[in-house]
Each structure stands twice: as C-alpha cells, then as structure tokens.
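An overview of the molecular structure
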Amino acid sequence: MSEQSDPPQGRQERTELPIERGFPIELVNDIGEKEGRAKQWYRPIYTMHKWWARRLGCVFRAVSLYSLLDNESEVQVSDPSQENEKLDSFSSSAETIHSLVESVSLDDPVDLWELYPKDVNVEGKRVLDPFMGGGTSLVEASRFGAEVVGNDLNPVAWFITKKELEAGQANVEKLEQEFGKIQDRVASKITQYYETTCPNGGHRADVMYYLWAKELDCTSCGEMVPLFNDFRVGKGRYDNKDKYHVYCPECESVILVDDWREECTCDCGYTFVPEEGTVSDGKYSCRSCGQRYGIIDRIGERGGFDKRLYAIEYYCPTCDNEGRDKEEIKSYKPATDDDRELYQAAKTEWENSEDLTRYVPDGQIPVGIKTDSSAFDGGIGGGFNVLKKGYEKWEDMFNSRQLLCLSSLLKEIDQVEDKSAREYLLLAFTESLNYNSMMIGYNAGRNHSVNMFNTNSFDPPHKPAEGNVWGTEYGIGTFQSTWKMIIRGCEYGRSPTERYMKYPKEDGKPEFITDPSLSEPDTVETGEFKTSIGRDFTLHCGDMRDLETEELFDAVITDPPYYDNVIYSELSNYFYVWQRLILQDEYGEFESELTNSESSIVANPAEGKGAEEFESEIKQGFANIKRLLKDDGVLSFTYHHSDSESWGELLEALCDVGFEVTATYPISADQVKFGNNVIGKAVSFDILVVARPTEETTAMSWDSLRREIYRTARRTRRRLEEDRNLSQGDIGVMEMGDCFREYSKHHGKVQRDGEIMSAKDVVQEIYGIIQDASDIGVEDVYVDLLDTDNPSYDDVNKLCRGTNATPEELKEMRLYNQDDGFELGTWDNEKRQAYIQERVNGDDGEHLSNLDKLQFLRYRYEKGQSVQNYVEKWDVNDDLRELAGRLADVTGDETYTRVLGDRDITSY
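Residues numbered from 1 in each chain as written. Predicted model: local features only at pLDDT ≥ 70, side-chain atom pairs only at ≥ 80, totals over all residues. Heavy atoms only, no water.

1. Quick word on the overall build of the chain
Convention followed: In this text, helices come from DSSP runs of H or I with a minimum length of four residues, and strands from runs of E with a minimum of two, each type numbered from the N-terminal end. Partly exposed residues are those whose accessible area sits between 20% and 50% of the maximum for their type, while under 20% is buried and over 50% is exposed, using a 1.4 Å probe and protein chains only. A contact between two residues is defined here by any heavy atoms of the two lying within 4.5 Å.
Broken down by element type, the chain carries 31 helices and 32 strands. With 908 residues in all, the chain has 58% of them scored as buried. Taking the intrachain contacts of the chain between residues at least 6 apart in sequence as the baseline, contacts between residues at least 24 apart amount to 73%.

So this is what it looks like as structure tokens:
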C-alpha cells in the first residue's frame, strides 16, 4: 500500500510497518491448512488444554513477524540447525534486516518471510493481548523475545495461558517423576473398574469405552424404551472395515452386518433395520405399543432418565501377546451381567466414600443461554436446553464410576507438593474431562468418542460413551494420554521448532518463499530454537476495560470477541468448577463460584445484552486499547466477519475512539472450524485488521471521497491481479482495507447532502463500489470452480467473497449440491438439468442465464437433439460467446463454442 495520499496537517509522521504494506496470505494459509489438521505436531503447546475458537499459531507468528519488525528495532537472527536439512545461509546484519523490512509491499510481501522459520529476537518490544483467550498471540509474540502482557476476564483462560507461558521453564523430568508417583498410587484403583471378560477366552480385557443408552418408561404401556438414534455400535476394522457392528434390540447381542442401513437378521432370528432406531424428531417410539412421545416432556414428567449399559469396546493385551488376529484384539462385545455388577460395585464404593465428595463440584448448573435458551427473549439459536434434559447439578453430567475415579485422581493431584507439577497435572485432569463424562457421544463411523464441546455447547447425547478414565493402550482423552500432551507441550515450550513449506527455487529467491502455486511443496521442520517460550510475561484476569499498566505497548495483537459467536463464560464453567476445587485457596481468580459472565463483551440475552450493548462495550474496549498503545503503536487483530453491517459497526467503533484502519487481509486458515462448529451462526470468513492511532481527521465531501475510494479499489485490484496468486474474494477483502484506510482519514467529517455520513453508511457504499469495480458474478465464480482441482464447499465460500455472488445463490441454481458429498452442477448433472428444464418449460427461456442456455444446449447436443432453433431464438450475443469460450477453455470441451456457430453441429 505504498501508493497513498499525504497525511493531513497534524497527522503524526510514523514509520509504516511491514504489515501495513503487505502480508503473505498465500504462504500463511498454505501452512495453516496443514497445521489445522495436525496441531499436536505443529504446535503441541496448544493441545495441552481445550480453549474455544483458537487461532492457528502460524497466523499469529506471521502477524507478530510483520507487526514487530521495523527499521528502528534491534533484531538478532539465528538459524536453527537440523540434521540433513539446513536453511540457506543468512546474514543477520542490520542492513539485511532493514532491506527485508523495506521490501514488503502489497504486490510482493514475501521477502520478509525469509525470517519466518528463523529464531528472531526483537529487542525492547512490548506486546499486549487484552482478549488473550487460549494465549496463542502471547506465545507466538514471546518467541520473538518480546515482553508480553495478557488479560482475560475468564479464569480458565488465564490458567491455561499461564501454564502455556510457563512451559518454557518447566522441569520436564520433575513433572514425569510426579506423574509416576500418581500412577503408582491411583492407576490400578481406577483401571480395576475398566475391565471385562474377553470374548476370546476367560481372561480379562481392558475396556476402552462403556457404551450406554438413556431410557424412559413409555407413557402408554410402561415398557422401558432405550433411546437409540440408530443401532450402530461401531464400524468394523481391518478385514471387516466395510461392515458395521450393530446392537440387536431383541436379544441385546452385538452382531456384524454388511450394511447398517439395510434389513438384517440376528442370530436370535429377529429381523430389523439398524438405521431405524427408537428416536426421531425429539420423540421416542415404543417398540411394544408404538407410542410416540416427546423425550424432554417425559424427562420432565418423571424427573430424569435411566441408563442402560448395552455394549463395550475392548482391547485385550493377552490376545495381543498371543498374536491373535487384530479383529479379536480390539473389538466390540455386548455388556453382560458381570459388567453391570462391576459398575454397581463402583457405585457402592462412591456412595460410601464421603472423603472424596470434596473433590467433586456440588454446585447447580446455572441458568444461561447455553443451558436453557428458552428462558430468555432474543435467544441465539441452537435450542440449548440441558437443564430440561435431566441435568441440574454439575455432578449429574457424570455417572458414579466416573465420579469415583475422577475424585480419586484429583485427590492425589491435590497432594502433590511441587506447585508446577500439581498445576500441570490439574491441567491434564481437566482436559481429560473433555472426553470423560456422560455428556460424551460415540462416533460409530470413526470408532472413538466425541469431545465434550464438539458443537461449542452442552449437548448431551442419547447414547453416552464412558471412556476409560486412566486409559489403556487405545482410546482418546484418557488421563494418561492428556498427560502425554502436557509433556509434549512443555518440551516444545523449552525448545520450540517451526514448520515451513519448501518450494522449488525460482528467480533466485530462497526456496521456502516462492509461489505456492508452482508445485506441491514439502513440509520441513526446523531444528530447535534457542529462544524458549514465555521468558518475560505478565497476566491479568479481569475486565480489559479496567486494565492499566505502567508502560505503553508497541503492539496489541489480539482476537477480540465477535458478537455472540461463542459464550465462553458459560461453557468454561464446566472446567472452572473442577479447577476451583484445587485453585481457590491459591489464586484470587478462582474465588467466585462461577466465571464472570456479566462483564463479558458479548451479545448474550441471558445478561440482557444485544447488538446495542455489544457495540457500546467493544467501543469501550478499543478506547482502552488506544490508551495503552504508544502513539506510533499498531493494533493487529483478527475478526470474524459476515456482512457489511458488522463491518460498519467495527469501523465505527475503531474510528470513534481514534484509530484508522490501515490494512485488511483475508485469513482462511481456520475457516472450517467456525463454519462447522458454531451452532446457529455460519461465519463467512475471517479477516486480519491492522489499525494505528490517529489524532485528527479532515473533512471531505462524499462525492470526492467516493471518487477517491473508487480509484483506490481499482488500483488495488489491478496490482493484486497482476502480481499475486489470490482468489477474487481475497482481493476484494484487501480492496476493502485500502478503501477503509481512505475513509479513516475523514471519519466523522464526510458530508453528503449537508449531513455527516456514519461509518455504516460508508461501508455499505464501499461494498457497492468494490462490487462494481470487480463486476464478478455467479457465472464467474462457477467458471473458477470448474477450473479448481477437487472443488469443495470451502472453495465456493472463498470464491464468492467480495463478489456479487453468494453460496446460497449458486446452490439455488443447482450449480453445486452436497446431498451425497460435494458435486458441481455440470451440464450432465441431473439436478442442474432439472433446474434448467423447469425454466425452459415454464417461461420459454425468459429468465435463463447465459450459463443456463449453454448447459442446456450442451445437454441437447449430447442427446442428439436439435439446438439450432434455440440458438436462433435466443439471439447469440458477445456475452454468450465469451462465456462459451471460457467454458471451453477450462473444461477442454469445444462443444460449448461449436453449438453457437457451426451449422454442421447444430442442425441435428
């Protein structure tokens, strides 16, 4: 963004940072795509404990690199060595660093990326994250040697981030010793309740999962009705991987069938369809009398539900040692009376263990938007009502065996004298709660349990899966497996590494920064960095609007709350009430019975907060950020963007408190997480926003500003289309950034017809200007999809950004469908042709698009039917011919062009 107007009189002269001039979106997303699927290997420190909506580490590392480096800073760079793999030799002289900083531009931002996989220390930088959440921004900034200060209202976030930043100084050997002591004292006590008789002999096998089903007595006949969505138990493995284990509701056995969607016959002679369970549309169906009745209604009438243990997934070490077939070593079996008696023994012990009750939270689950959304006006969608499903207290989320085992484990953790070890053991314990409660379901198609917050809500399943609390050879979320993640995280904290994409050399540039589109790159891991994580940090727990520090900050790097995406305060209570049992006497942050939801900056009807309150409070937050920033400091933050109104609110808040937006960039690396997991809120895409403090704006008429914005948008698009490998939507986001930058200089002083325009009004106009400048519509997006290898719904979202097209519009036109996996609506697609035929027959082609016409002609030609009469009737014009040529180019099918002009072809 080097092309900009001179600053108005009174505007502070300051150095333009690399992040304001360009950002390597393609390279960040290339790494992010891989990191998002393997976080435990890329950055294991972030898998030590659950936190919601975490940004990927590569995103914040890149933001830190491009935000912290400037020509005034003293920078030291070392090259982490690695056996059999070394980065290119690099000079860390000031002249070299300054050259890389200065080289960054909108059309060529990658030279500075040369420092991404190196151990870089920037002297004297102070970084703040006032909404630190899981601490990703602070961890990444600390790796550059910066002093980091974090704040969050939530004590769970505070504790998680504290342990992440302490990981770099943790004594791993001491931690392992303390874990060994815990294992000696309590492991056998827990695992004795997770054993079963092996079906291959009389010996004992380890239980991976106990599979339960809730059941209710029928209001009509009184028979107990187990609540099965379907009767699947688990997918077959090894030689049986195309089959399914299913539960027979007649004899209660587990059998192997070829197709769980088709009718099958059990060995007992009973015939049934496993897909057809006893639950649908929120109602149960009684197998005895056929009665259908509302499940929540019945739970409310009888004051709860019963549970039936129906199957077990086991692993047998004895069979493994004997070299038996894999199908016998790890598989499924029906629950027996012995298994139920073992549970009763655990239940009896729990009921007689009064000394353990202090290690289980006894409080009530609070009424909130995530626990009973029907209790409030203005709900956020999703139908959250765990309080109406038989859960009143936190302990109701666990069965007696779990309460016995978890409390026994927590008691031993509480007695560990070493503070660091005790806290890391507690962190592993509460992370294991993400997989160890009766709120956990079982994914039969993937043969493992589903984590507690898979849907960012309290969503109790009809068929809970009780995991092995301590753990065995297999199974996820056990205490011993979460402890291994703690150790990996601490080892990474002491000696972090970096992974980068290695591309073929081109044009003399270092091999890891060339164009990602040239070839499939290799992923390379560096050697260990000397700079450990968290050398200089301070954390606060409280309302960021009250945050005060003695020194100002060079940068604020954060991920602020976005309207009502995730109500962290309510969800985190699940972890908080357990952590508080150990931490309340140690830290004032854990004095309250529950987390503070009242002060959260989020739209939450349970607190009487809507859009107006959110706008007001986020503005207060930005005002305090500006107060804490140096005059030449920078604010870089990610934002979950959905529409022009949201952008208008954001721009209004920023500019009102004295910021100007200087750049925006699309960040799509973790889009899937938000698109799939946030109930009731389909976030379109994520954006990185860069802003700087400003003291003065100048007046300008809307007509003059509109012309300047139009020129800015055109200039930005032209540069990016010439020099960057970006989608049209990504270019549109950066166009917006340049346009917002232009508007920011005149905020509050833009007049139209004698009245001052609001930022919301201007944003709406900017959207229109960008769309007019790009003129990208449905047909353009569809052609780009045809030209995309293995297109997916994510590609639809990406290509629609910043255009006149929407995913919904393409779907309505049957240009893609997701009925049986993602497929494009090509000319030979049945659903697409049905859509076109309906319009041809209905209005004789009056409302057909050019794409409709060409696909219709292509289909008729393939069927040997006449096309000439349609060609003549539709009056072929230049637009139609141009589209035909584009379709022929991307598909290699010249028939698109021939049907419009070759009489020999069109005269069938």
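2. Side note on the environment of Cys800
Position of Cys800 relative to the elements: it lies in helix α24 (residues 793–800). According to the relative accessible area criterion, Cys800 is buried, its value standing at 5%. In this structure, Cys800 is in contact with Val781, Ala805, Thr806, Pro807 and Leu810, ignoring residues within four places of it in sequence.

3. Side note on unusual backbone geometry
You will see that Ala53, though not glycine, has its phi angle at about 55 degrees, which is positive. Of note, Ala53 is situated in the loop between α3 (39–42) and α4 (57–68). For Asn447, which is not a glycine, the phi torsion comes out positive at approximately 60 degrees. For Asn447, the location among the structural elements is in the loop between β18 (442–443) and β19 (448–449).

4. A word on the packing of helix α8 (residues 172–191) against helix α14 (residues 419–432)
Heads up, the condition is: Only the stretch in contact is used when fitting a helix axis, every axis being a line fitted to C-alpha atoms; angles between N-to-C directions are given from 0 to 180 degrees. Take the far helix as your reference; a near helix turned counterclockwise from it by less than a right angle gives a left-handed crossing, and one turned clockwise gives a right-handed crossing. Three classes are used: nonpolar for Ala, Val, Leu, Ile, Met, Phe, Trp, Tyr, Cys and Pro, charged for Asp, Glu, Lys and Arg, and polar for all others, with Gly counted as polar.
In the contact formed by α8 and α14, the axes pass within 9 Å of each other and the chain directions differ by 65 degrees. Seen along the crossing, α8 lies across α14 with a hand that is right-handed. The segment α8 lies against α14, with Leu175, Glu178, Phe179 and Ile182 engaging Ser420, Ala421, Tyr424 and Leu425. When grouped by side-chain class, the residues that make up the contact of α8 with α14 number 6 nonpolar, 1 polar and 1 charged.

5. Quick look at the sheet that holds strand β9 (residues 244–247)
By way of backbone hydrogen bonds, the strands of a sheet pair with one another, either parallel or antiparallel. Cut-off, in case you're wondering: Being paired, for any two strands, means DSSP has found at least two bridges between them.
In space, the 3 strands of this open sheet follow the order β8-β9-β10, with antiparallel pairing throughout. Both outer strands of the open sheet, β8 (232–235) and β10 (254–257), are each paired with one neighbouring strand and no more. Across the sheet, the mean angle from the axis of one strand to that of its neighbour is 25 degrees, orientation sign disregarded. Note that β8 and β9 share 3 bridges and pair antiparallel. Among the inter-strand pairings, Arg232 is bridged to a residue of β9, identified as Val246.

6. Concerning the side chain of Thr531
This is how it is decided: Counting of polar contacts relies on pairs of N or O atoms within 3.5 Å, with two restrictions inside protein: one atom must be capable of donating a hydrogen and the other of accepting it, and residues adjacent in sequence are counted only when both atoms are side-chain atoms.
By secondary structure assignment, the location of Thr531 is in the loop between β22 (522–525) and β23 (537–541). Overall, the relative accessible area of 4% leaves Thr531 in the buried class. Within polar-contact distance, the side chain of Thr531 engages the side chain of Asp119 at 2.8 Å. Each residue touching Thr531, except ones within four places of it in the same chain, is listed here: Asp119, Asn121, Ser142, Arg143, Gly145 and Pro496.

7. Structural notes on the confidence of the model for the chain
Just so we agree on the cut-off: Scored from 0 to 100, pLDDT reflects the predictor's confidence in each residue.
Mean pLDDT over the chain works out to 87, with 89% of the residues at or above the 70 mark. Every residue in residues 1–11 is under pLDDT 50, and counting partners more than four places away or in other chains gives 27 contacts. In this model residues 669–684 is a low-confidence stretch, pLDDT under 50, and it forms 39 contacts with partners more than four residues away in sequence or in other chains.

8. Side note on the pattern of salt bridges
Definition in use: Between Lys or Arg on one side and Asp or Glu on the other, a salt bridge is scored when a side-chain nitrogen of the former is within 4 Å of a carboxyl oxygen of the latter.
Enumeration over the complete set of coordinates arrives at 60 salt bridges. For Glu178, the salt bridge is made with Lys174, and the minimal N-O distance between the two is 3.2 Å. One end of the pair is Glu178 and the other is Lys174, both in helix α8 and 4 residues apart, which spans about a single turn. Given a relative accessible area of 7%, Glu178 falls into the buried group. Owing to a relative accessible area of 28%, Lys174 belongs among the partly exposed residues under this scheme. A salt bridge links Lys419 to Glu586; the nearest nitrogen and oxygen atoms lie 3.6 Å apart. Within this pair, whereas Lys419 is found in helix α14, its partner Glu586 is found in the loop between α16 (568–583) and α17 (611–628), the two being separated by 167 residues in sequence. For Glu586, a relative accessible area of 39% translates into the label partly exposed. Several salt bridges share partner residues, and in doing so they unite Glu35, Arg43, Arg61, Glu140, Arg143 and Glu498 into one network.

9. Quick look at the sheet that holds strand β13 (residues 279–280)
The strand order β13-β14-β15 describes an open sheet built from 3 strands, whose pairing is antiparallel. Only two strands of the sheet have a single neighbouring strand rather than two, namely β13 and β15 (292–294). Relative to β15, strand β14 (residues 283–285) runs antiparallel, the two being bridged by 3 bridges. Paired with Ser285 across the two strands is Arg292, which belongs to β15. Relative to β15, helix α9 (residues 295–302) is tilted by about 70 degrees, and along the sheet it contacts β13, β14 and β15.

10. Notes on the packing of aromatic side chains
The test is simple: Between the rings of Phe, Tyr and Trp (Trp by its six-membered ring), a pair exists once the centres lie within 6.5 Å; its type follows the angle of the planes, with under 30 degrees stacked, over 60 edge-to-face, and the other angles tilted. Each ring is checked for a lysine NZ or an arginine CZ that lies within 6 Å of its centre and within 35 degrees of its normal; such an atom marks a charge sitting over the ring.
Under the definition given, this model contains 44 aromatic pairs. With 5.4 Å between their ring centres and 65 degrees between their planes, Tyr574 and Phe575 make a pair best called edge-to-face. Among the residues examined, Tyr574 registers a relative accessible area of 1% and is labelled buried. Arranged with centres 5.6 Å apart and planes meeting at 20 degrees, the rings of Tyr816 and Phe822 form a pair that is stacked. Ring pairing ties together the aromatic residues Trp51, Trp52, Trp394, Phe398, Phe429, Phe453, Phe458, Tyr568, Tyr574, Phe575 and Trp578, which thus form one cluster. One residue, Lys214, lies across the ring of Phe305, its end atom 4.6 Å from the ring centre. The positively charged end of Arg839 is found above the aromatic ring belonging to Tyr835, 3.6 Å away from the centroid.

11. Thoughts on the environment of Gly489
For Gly489, the location among the structural elements is in helix α15 (residues 479–494). Sequence spacing of Gly489 and Gly168 is 321 residues, and the spatial spacing of their C-alpha atoms is 9.0 Å. In this structure, Gly489 is in contact with Pro44, Ile45, Met48 and Ala167, ignoring residues within four places of it in sequence.

12. Observations concerning the state of the cysteines
Under the convention used in this document: Any two cysteine sulfur atoms lying within 2.5 Å of each other are counted as a disulfide.
Tallied over the full model, the rule gives 0 disulfides. Unpaired in terms of disulfides, Cys248 finds its nearest cysteine sulfur in Cys251, a separation of 3.7 Å. Between Cys286, a cysteine without a disulfide, and Cys221, which holds the nearest cysteine sulfur, the sulfur-to-sulfur distance is 3.6 Å. Relative accessible area serves as the criterion here: at 4%, Cys286 is assigned to the buried category.

13. Quick word on the pairing of β9
Covered by surrounding structure in β9 are Tyr244 and Val246 together with His245 and Tyr247, the residues of both alternating faces. Looking at chain direction, β9 and β10 are connected through 4 bridges and run antiparallel. Its bridge partner lying in β10, His245 is registered against Leu256. From the end of β9 to the start of β10, which pair antiparallel, there are 6 residues, and Glu252 there has a positive phi angle of about 65 degrees.

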